[in-house]
Amino acid sequence: MAYVTPFHLKLMALAHRPRNTRQRRVILDELKKVTSHPTAYEVLKLVRSRMPGISLATVYRNLELLSERGVIMRLDTGGMKRRYDGNAANHYHVRCIVCDRVADVSCEPLGTIEELMGEATDFTIVGHRLEFHGYCPACARQPAKPTA
Ligand SMILES: [Zn+2]
Ligand SMILES: [Zn+2]
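Residues numbered from 1 in each chain as written. Chains lettered and ligands numbered in written order. Predicted model: local features only at pLDDT ≥ 70, side-chain atom pairs only at ≥ 80, totals over all residues.

> Give me the lowdown on the environment of lysine 45, citing residues and values where you can.
Along the chain, lysine 45 turns up in helix α2 (residues 40-47). Here lysine 45 falls in the partly exposed class, since 13 other C-beta atoms lie within 10 Å of it. The sequence separation of lysine 45 and leucine 56 amounts to 11 residues, and the corresponding C-alpha distance is 9.2 Å. (Helix = DSSP H or I, 4+ residues; strand = E, 2+ residues; numbered from the N terminus. Buried ≥ 20, exposed ≤ 12 C-beta atoms within 10 Å, placed from the backbone.)

> A description of the sheet that holds strand β4 (residues 102-105) should follow, citing residues and the corresponding values.
Strand order in this open sheet of 3 strands is β4-β3-β5, and the pairing throughout is mixed. With one partner strand each, in any of the chains shown, β4 and β5 (131-134) form the two edges of the open sheet. Geometrically, the sheet is characterised by an average inter-axis angle of 30° between neighbouring strands, direction not taken into account. By the bridge criterion, 4 bridges tie strand β3 (residues 92-96) to β4 in an arrangement that is antiparallel. Paired with valine 94 across the strands is alanine 103, a residue of β4. (Pairing = 2+ DSSP bridges. Axes fitted to C-alpha atoms, helices over the stretch in contact; angles between N-to-C directions.)

> Let's hear about the environment of tyrosine 41: which residues, and what values?
Here tyrosine 41 is to be found in helix α2. Residue tyrosine 41 is classed as exposed on the basis of its C-beta count, with 12 C-beta atoms lying within 10 Å. Each C-alpha atom, one on tyrosine 41 and one on valine 59, is 8.1 Å from the other, the two residues being 18 residues apart in sequence.

> Describe helix α3 (residues 56-68), listing the residues and the values that go with them.
With 13 residues, α3 ought to run about 18 Å at 1.5 Å a step, and its terminal C-alpha atoms sit 18 Å apart, in line with that. Among the residues making up α3, those that are buried are Val59, Asn62, Leu63 and Leu66. Projected down its long axis, α3 carries its buried residues within an arc of 105°, all on one side. Exposed and facing more than 90 degrees away from the buried side of α3 are Ala57 and Glu68. Just beyond α3, the residue with positive phi is glycine 70, at close to 80°. (Expected span 1.5 Å × (residues − 1). Arc of directions from axis to C-beta.)

As structure tokens, then:
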């Protein structure tokens, strides 16, 4: 494999295409079914019933590819793990600082915030992400842990 030319790479890509396309479709399909903003490992568990042989690396690679293409949204603004969202349209998230649960916020994205930022910086603003954090209902009910 010392001399892998672009032509060889193309051949290799073509050879793998049908399987890759199917895997990607199943991953996207399963991701769009849930609103839990799963991690790559959680997506793996979702797709394994339909594709038992699939690996975590394959799931991760496809999730990254789909988010680079703007088909899905990657959530890595904070929290413990990188998560994915089947809904690529801009919407806001709220994250639990205890259990890392991520939920959608049902409010329209603020259009004016981009205008304000455009005025406050010399950048041309084309989009924004916003994430809130706090305690989810389950964690808010937990008694406060004693501090050691
Ligand atoms: Zn929580
Ligand atoms: Zn979301």
